[in-house]
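# Descriptive structure summary
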Protein chains: 2
Amino acid sequence: MAGTAGRGAERGTVDRILDTAEVLFAQKGFAETSLRAITSKAGVNLAAVNYHFGSKEALIQAVFERFLDPFCARLDGLLTELESNSGSVTLERLLATLSQSALAVQKGEPHRVAIFFRLSGLAYSQAQGHLRRFFREHYGEVFRRFLEQLALAVPEVPPMEMFWRVHFALGATIFTLSGMDPLRAICRSDFAVEVLPQQVEERLLAFLAGGIRAQLPAS
Amino acid sequence: MAGTAGRGAERGTVDRILDTAEVLFAQKGFAETSLRAITSKAGVNLAAVNYHFGSKEALIQAVFERFLDPFCARLDGLLTELESNSGSVTLERLLATLSQSALAVQKGEPHRVAIFFRLSGLAYSQAQGHLRRFFREHYGEVFRRFLEQLALAVPEVPPMEMFWRVHFALGATIFTLSGMDPLRAICRSDFAVEVLPQQVEERLLAFLAGGIRAQLPAS
DNA sequence: ATGCGTTTCAAACGTTTGTTTGGGAGGCAC
DNA sequence: GTGCCTCCCAAACAAACGTTTGAAACGCAT
């Protein structure tokens with residue numbers, strides 16, 4: 001076992017593995033991506049993965065940590081900022097905060113946003129146990145605080161109704177953004193229009209706000 | 001190779017394989033489910049899969065066909081019914097039609113609805129090529145007709161905007177319903193309330209209608 | 001009973017998988 | 001130099017995978 005961070009000098013083995021793994025995982029899924037595919041494309045030895053990370057499972061978790069740690073740190077900061085200006089948080093502002101946190105952590109590489117959500121979608125549908133637990137333990141607290149602010153912003157929606165609507169919104173986000181590139185390609189061929197990721201984000205936020213504020217069902 | 005349908009008498013090998021495969025695929029994903037796991041749990045010989053279906057890929061497609069063929073047939077019928085009553089289709093009615101089609105094809109086994117959507121989600125995120133093509137070729141036409149009716153029901157949303165909102169809605173649906181059971185469990189422990197699948201459906205439809213009709217973004 | 005097509009079976013096939021091994025560079029302390 | 005620790009490498013490992021094989025068992029018409 002060794003330190004999990006590159007020593008700061010030139011791009012080291014650990015980072016080359018993580019960079020390649022996140023792309024391949026996003027393209028083909030976890031089980032469908034072999035360590036040999038990762039290591040050969042990264043230009044490192046096959047044994048390097050088990051040496052630096054311990055196992056394939058640990059590598060998968062490391063890939064997520066590199067995404068989620070800065071994301072949650074950023075979100076955490078923005079949330080405390082919002083909490084200090086008490087009372088005046090709108091739903092739109094809250095959603096924008098969320099997407100800002102996601103965008104901010106990908107410095108200069110917008111295509112990594114798609115990878116980020118693609119991986120999240122895979123984690124949600126493929127995670128048998130170890131990833132689910134990992135998420136809840138590491139990032140559950142920030143999520144709970146976000147829900148608190150959300151209840152404050154939209155008090156007319158009762159808690160349990162909000163619980164479900166948050167998951168509907170989560171689904172729409174992950175699902176769409178994980179297939180962002182193919183969808184933009186369809187849009188290009190069917191409507192002859194080039195749609196920027198930022199415009200997709202605007203559209204999505206409008207949709208989510210409408211859904212969360214929707215009229216309550218009869219029951 | 002042989003006929004792909006059981007001969008009508010008692011539950012045959014082919015059906016036992018399909019029944020087991022759909023459950024295991026939904027639980028663990030396609031790549032993570034081995035033919036040995038399927039055949040041993042189904043109580044049939046390992047070679048039976050390759051004998052009756054030809055390959056694992058063909059088995060996956062067969063599982064989807066058993067779900068989607070009746071679903072699309074049902075949806076197709078309901079659509080032509082709506083098309084005859086020209087002009088007066090509301091968005092809510094259209095969404096209800098969709099969910100009716102999904103519910104109707106699972107006679108007496110409501111838990112299969114969850115499996116159905118879980119598989120759809122997996123197909124969307126794991127499909128590398130063969131499944132995507134398969135869907136587009138077999139069920140693209142019905143989908144196009146549904147979009148047509150949708151544009152008629154909500155004319156204030158321009159086509160391209162609607163394109164994105166449909167995929168947002170698709171994401172919310174597949175994502176949530178594929179994780180329906182775990183979410184209901186959380187709801188039970190956090191709110192001490194038992195939520196029926198039908199109530200989830202009502203909530204989802206309200207959310208989707210709100211999102212699709214949401215105010216258009218500034219851009 | 002004989003023959004034929006269909007289905008089942010245990011066993012083996014060749015690959016590919018994640019992981020482990022033992023040795024050998026390279027850098028730094030002493 | 002000698003030791004020591006970190007890292008890299010080619011090779012091998014055992015296990016699991018999808019698929020194929022050839023023979024046995026079945027159903028059914030003749």
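Once a new chain begins, its residue numbering starts again from 1 and follows that chain's sequence as written. Chains and ligands are labelled by the order in which they are written, letters from A for the one and numbers from 1 for the other. It should be noted that, the model being predicted, local features are given only for residues of pLDDT at least 70 and side-chain atom pairs only at 80 or more, the latter also being counted only at that level, while totals for whole chains, interfaces and linings use all residues. Side-chain measures were taken over the full set of non-hydrogen atoms in the model, leaving aside hydrogen atoms and water.

## Let's talk about helix α4 (residues 56–84) of chain B
All names here are of chain B. Numbered from the N terminus, helices here are DSSP runs of H or I no shorter than four residues, and strands are runs of E no shorter than two. Here a helix's expected span is defined as the number of its residues, less one, multiplied by 1.5 Å. Here α4 is 29 residues long and its end C-alpha atoms lie 42 Å apart, about the 42 Å a rise of 1.5 Å per residue gives. Bend is computed residue by residue as the angle between axes fitted to the seven residues ending at the residue and the seven residues starting at it. Bending of α4 peaks at approximately 30° at the position of E65. Backbone nitrogen of A58 and a side-chain oxygen of the N-cap are separated by 3.2 Å at the start of α4; the cap is S55. Polar contact is defined as a pair of N or O atoms within 3.5 Å, subject to the rule that within protein one atom must be able to donate a hydrogen and the other to accept it, and that residues adjacent in sequence are counted only when both atoms are side-chain atoms.

## Overview of the packing of helix α5 (residues 91–104) of chain B against helix α7 (residues 130–153) of chain B
Residue and element names in this part refer to chain B. Packing of α5 against α7 leaves a shortest axis separation of 9 Å and a crossing angle of 155°. Relative to α7, α5 is oriented roughly antiparallel. Mapping the contact onto sequence places L91, L94 and L98 in α5 and F146, Q149, L150 and A153 in α7. Where helices are involved, their axes are fitted lines through C-alpha atoms of the stretch in contact, as for all axes, and angles between N-to-C directions lie from 0 to 180°. Every angle not falling under 35 degrees, over 145, or within 65 to 115 is termed oblique; those three ranges are roughly parallel, roughly antiparallel and roughly perpendicular. Contact definition: two residues touch when any of their heavy atoms are within 4.5 Å.

## Comments concerning the relation of the copies chain A and chain B
The copies are overlaid by a least-squares fit using only the C-alpha atoms of residues whose pLDDT is at least 70 in both copies. With an RMSD of 0.1 Å, the fit of chain A onto chain B corresponds to turning through 180° and sliding 0.0 Å along the axis. Such a turn and shift between the copies fits a two-fold axis. Both copies present the same face, since 100% of the interface residues in chain A are matched by interface residues at the equivalent positions in chain B.

## Observations regarding the interface of chain A and chain B
Counting from both sides, the interface comprises 50 residues of chain A and, opposite them, 50 residues of chain B. In this description, buried area is defined as the sum, over both parts, of the accessible area (probe of 1.4 Å) that is lost when the two are combined. Overall, the association of chain A and chain B removes approximately 4500 Å² of surface from exposure, summing both partners, and the carbon and sulfur fraction of that is 73%. Here a salt bridge means any side-chain nitrogen of Lys or Arg lying within 4 Å of a carboxyl oxygen belonging to Asp or Glu. Residue E161(B) is joined to R203(A) by a salt bridge in which the shortest nitrogen-to-oxygen separation is 2.9 Å. Where chain A packs against chain B, one counts two residue pairs in polar contact (both at pLDDT 80 or more). Those elements that place two or more of their residues in the side of chain A that touches chain B are α1 (13–28), α6 (111–126), α7 (130–153), α8 (159–178), α9 (180–191) and α10 (197–212) of chain A. Of all the elements, α8(A) adds the most residues to the side of chain A that touches chain B, at 15 residues.

## Quick look at the side chain of H167(A)
Among the structural elements, H167(A) can be located in helix α8. Reaching out from H167(A), the side chain makes a polar contact with the backbone oxygen of F163(A) at a distance of 3.1 Å.

## A short note on the pattern of salt bridges
Residues and elements named next belong to chain B. Counted under the stated rule, the structure contains 23 salt bridges over all chains. Of the charged contacts in the structure, one is a salt bridge between R213 and E92, with a shortest N-O distance of 2.4 Å. Linking R213 in the segment after α10 (197–212) with E92 in helix α5, this pair joins segments that are 121 residues apart in sequence. Between buried and exposed lies partly exposed: a residue is buried under 20% and exposed over 50% of the maximum accessible area for its type, with that area taken using a 1.4 Å probe on protein chains only. Taking relative accessible area as the criterion, R213 reaches 39% and is therefore assigned partly exposed. Judged by relative accessible area, which is 39%, E92 ranks as partly exposed.

## Notes on the packing of aromatic side chains
Residues and elements named next belong to chain A. Centres within 6.5 Å are what make two rings of Phe, Tyr or Trp a pair, Trp counting through its six-membered ring; a difference in plane orientation under 30 degrees is then read as stacked, over 60 as edge-to-face, and the rest as tilted. Counted by the stated rule, this structure contains 23 aromatic pairs over all chains. When the centroid spacing of 6.4 Å and the interplanar angle of 35° are considered together, the rings of W164 and F168 count as tilted. One end of the pair, W164, and the other, F168, are both in helix α8, four residues apart, so they sit about a helical turn from each other. By the burial criterion, W164 is buried, and F168 matches it.

## Some words on the confidence of the model for chain A
Residue and element names in this part refer to chain A. You can read pLDDT as the predictor saying how much it trusts each residue, on a scale of 0 to 100. For chain A, the mean per-residue pLDDT works out to 85, and 90% of the residues sit at or above 70. Considering each helix and strand of chain A separately, the mean pLDDT is smallest for α6, with a value of 75, and largest for helix α3 (residues 47–52), with 97. Every residue in residues 1–9 is under pLDDT 50, and counting partners more than four places away or in other chains gives seven contacts.

## A look at the environment of Q149(A)
Assignment of secondary structure puts Q149(A) in helix α7. Apart from the residues lying within four places of it in its own chain, the contact partners of Q149(A) are L79(A), L82(A), E83(A), V89(A) and L94(A).

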